[in-house]
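Commentary on secondary and tertiary structure
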Amino acid sequence: MSENKYYHKDIETMSVEQIKELQGKRLAEQFRYVYENVEYYRNRCIEAGVTPDDVKGLEDLHKVPFTCKDDLRATYPYGLFAAPLKDVVRLHASSGTTGKQIVVGYTKEDLDIWDDLVARQLVAIGASKDDFVHIAYGYGLFTGGLGLHGGASKVGCTVIPISAGNTPRQITVMHDFGSTILCCTPSYAAYLGETLHDMGHDTSYLNLKAGIFGAEPWTEGMRKDIEKSLGIKAYDIYGLTEIMGPGVAYECQAQNGMHVNEDHFIVETIDPETGKQLPEGSKGELVFTCLTKKAFPLMRFRTKDIGVLNREVCSCGRTFVRMSKPMGRTDDMLIIRGVNVFPSQIETVLLQYGYPPNYQIIVGRENNNDTFEVKVEMTPDKFSDVIADIRKKEAELSNAMQSLLQIKAKITLVAPKTIQRSEGKAKRVIDTRNLIDNK
Ligand code: DLL
């Protein structure tokens, strides 16, 4: 696994000048395509006084209006699609900030490119046709399962599409089928490592050599623990539903930042307050522009992830800029057991069920598993001191939240006026996981 391998060597190692030239050309074409095909975005451009003739190359990027998650909500479900729906062959979705999910789509060509970009990740960590790729990311509307699946199929690996859950069975399948590369969230990898040892085995029980972990923050400390407990090299992968899913950026064997697939995306860092572009190397909000996508091509999408870009040449020989691990968010999105959760979604459910928005979200980690509790204040009319009544109400709320959030929360109803009021911003979230490296 020490020799550097590339899936698209010529592209992954092209000179920075060539990359920038390609990006500039693609930006001009793509901006025109989106302007012509997405009415909502065209109106945004008209308001900003920008036409396709104004965007000729990378130097004009700053003129291109931003998009953000609220734009997806405002146009739900298909208002930002640029291709006719008859050409859309797949939909995926992720959490919106309130009741509705956000929906994205792919043409056949988009899927082909997505598979290629994930294939770059796999080959960069040494994967080949000889590998058995165990995909324990969730399959379904979440992009993790099918995203890694497409990339591993492109490389010609033997794919084991097991999806998440049933942890002891995952260990048995990894052992019996001879899985060599594990793909899942880092917290699930840690949990699998722990389960392996709880089942009385050590790393020699498995044939694993590497893992591709992402979709949530994880620290260098977690990387070391996972590598030790599973006897593997652990690699990071970044992506987001709005831009493509996994494979927007990928780590190589240097394990020192994730290469952004710059032939298909432009990445910038901006000052989240002013929206001004920052020089490469400054910490800021990551913003991505899709250069080739046809079905759902977002221009200058504000991710709300904070990160740093590094243009130094990497020891692997790749020239694509590297992004750091996300170092936090500019909004209040939490990622719990790999699922994106907004406090506003929780509020939506509480209001639907007649509870006031006095609640507290408590997130922690026990035995490598995220714990997720929501304390909700009862109103005097809902108050009861009969335990069975309270349990029934808790179960009702828990089911409603699970159906919206796609993960289970422990709901604890508490007596009226017992959640501390705040004089400034309400402290809604207590998260004790420490998932960001403090560099
Ligand atoms: O998490 C896509 C994905 C699937 C990435 C599998 C990697 C592997 P969303 O559910 O839309 O998409 O969540 C996107 O997750 O804005 C980040 O805040 C966070 N995130 C994704 N990858 C990483 C990572 C998928 N490697 C949001 N490290 C993003 C830290 C990550 N945070």
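Residues numbered from 1 in each chain as written. Predicted model: local features only at pLDDT ≥ 70, side-chain atom pairs only at ≥ 80, totals over all residues. Heavy atoms only, no water.

1. A closer look at the overall build of the chain
What counts is decided by this rule: Counting from the N terminus, the helices are DSSP H or I runs at least four residues long and the strands are E runs at least two residues long. Only C-alpha atoms enter the radius of gyration; for comparison, a globular chain is expected to reach 2.2 Å times N to the power 0.38, where N is the number of residues. Each residue gets one of three labels from its accessible area relative to the maximum for its type: buried under 20%, exposed over 50%, partly exposed in between, using a 1.4 Å probe on protein chains only. Pairs of residues are marked as contacts when any of their non-hydrogen atoms sit within 4.5 Å. Per-residue and other accessible areas follow the Shrake-Rupley method at a 1.4 Å probe size, with only the shown protein chains counted as cover for residues. Positive: Lys, Arg. Negative: Asp, Glu. His and the chain ends are not part of the count. For the purpose of locating charges, the reference atoms are NZ of Lys, CZ of Arg, CG of Asp and CD of Glu.
When its secondary structure is counted, the chain shows 11 helices and 20 strands. For a compact globule of 439 residues, the expected C-alpha radius of gyration is about 22 Å, and the chain comes in at 22 Å, within 12% of that figure. For the chain, the spread of C-alpha atoms along the principal axes amounts to about 70 × 60 × 45 Å. Counting over 439 residues, the chain shows a buried share of 54%. Considering only residue pairs separated by 6 or more positions, the chain has 66% of its internal contacts joining residues 24 or more positions apart. Working note: accessible area of the chain is about 19000 Å², and carbon and sulfur atoms make up 50% of it. If the 53 positive side-chain charges of the chain are averaged to one point and the 58 negative ones to another, these points end up 2 Å apart.

2. Concerning the sheet that holds strand 18 (residues 369–377)
Just so we agree on the cut-off: At least two bridges found by DSSP between two strands is the condition for calling them paired. Angles shown run from 0 to 180 degrees and are taken between the N-to-C directions of axes, each axis being a line fitted to C-alpha atoms and, for helices, limited to the stretch in contact.
The strand order across the open sheet built from 4 strands is 19-18-17-20, with neighbouring strands paired in mixed fashion. Single-partner strands in this sheet number two, and they are strand 19 (410–414) and strand 20 (429–431). When strand polarity is set aside, the average angle formed by the axes of neighbouring strands in this sheet is 20 degrees. Relative to strand 20, strand 17 (residues 359–366) runs parallel, the two sharing 3 bridges. Within strand 20, the position partnered with Ile361 by the bridge is Val429. Contacts from helix 10 (residues 343–352) reach strand 17, strand 18 and strand 20, with the element oriented near 130 degrees to strand 17.

3. Some details on helix 9 (residues 220–230)
Three or four residues apart is the spacing at which side chains of an α-helix point the same way, because the helix has 3.6 residues per turn. Those residues of helix 9 lying buried are Met222, Arg223, Ile226, Glu227, Ser229 and Leu230. Buried residues belonging to helix 9 abut strand 5 (181–184), helix 8 (186–198), strand 6 (210–214), strand 7 (233–240), strand 8 (245–251) and strand 17. Directly beyond the C-terminal end of helix 9, a positive phi value near 65 degrees is found at Gly231.

4. Digging into the sheet that holds strand 12 (residues 301–307)
Reading across the sheet, the 3 strands line up as 10-11-12 and stay open at both edges, with antiparallel pairing between neighbours. Edge positions in the sheet fall to strand 10 (265–270) and strand 12, since each has one partner strand and no second. Within the sheet, the average angular offset between the axes of one strand and its neighbour, ignoring direction, is 30 degrees. Note: strand 11 (residues 284–290) against strand 12, 4 bridges, orientation antiparallel. Within strand 12, the position partnered with Gly284 by the bridge is Gly307.

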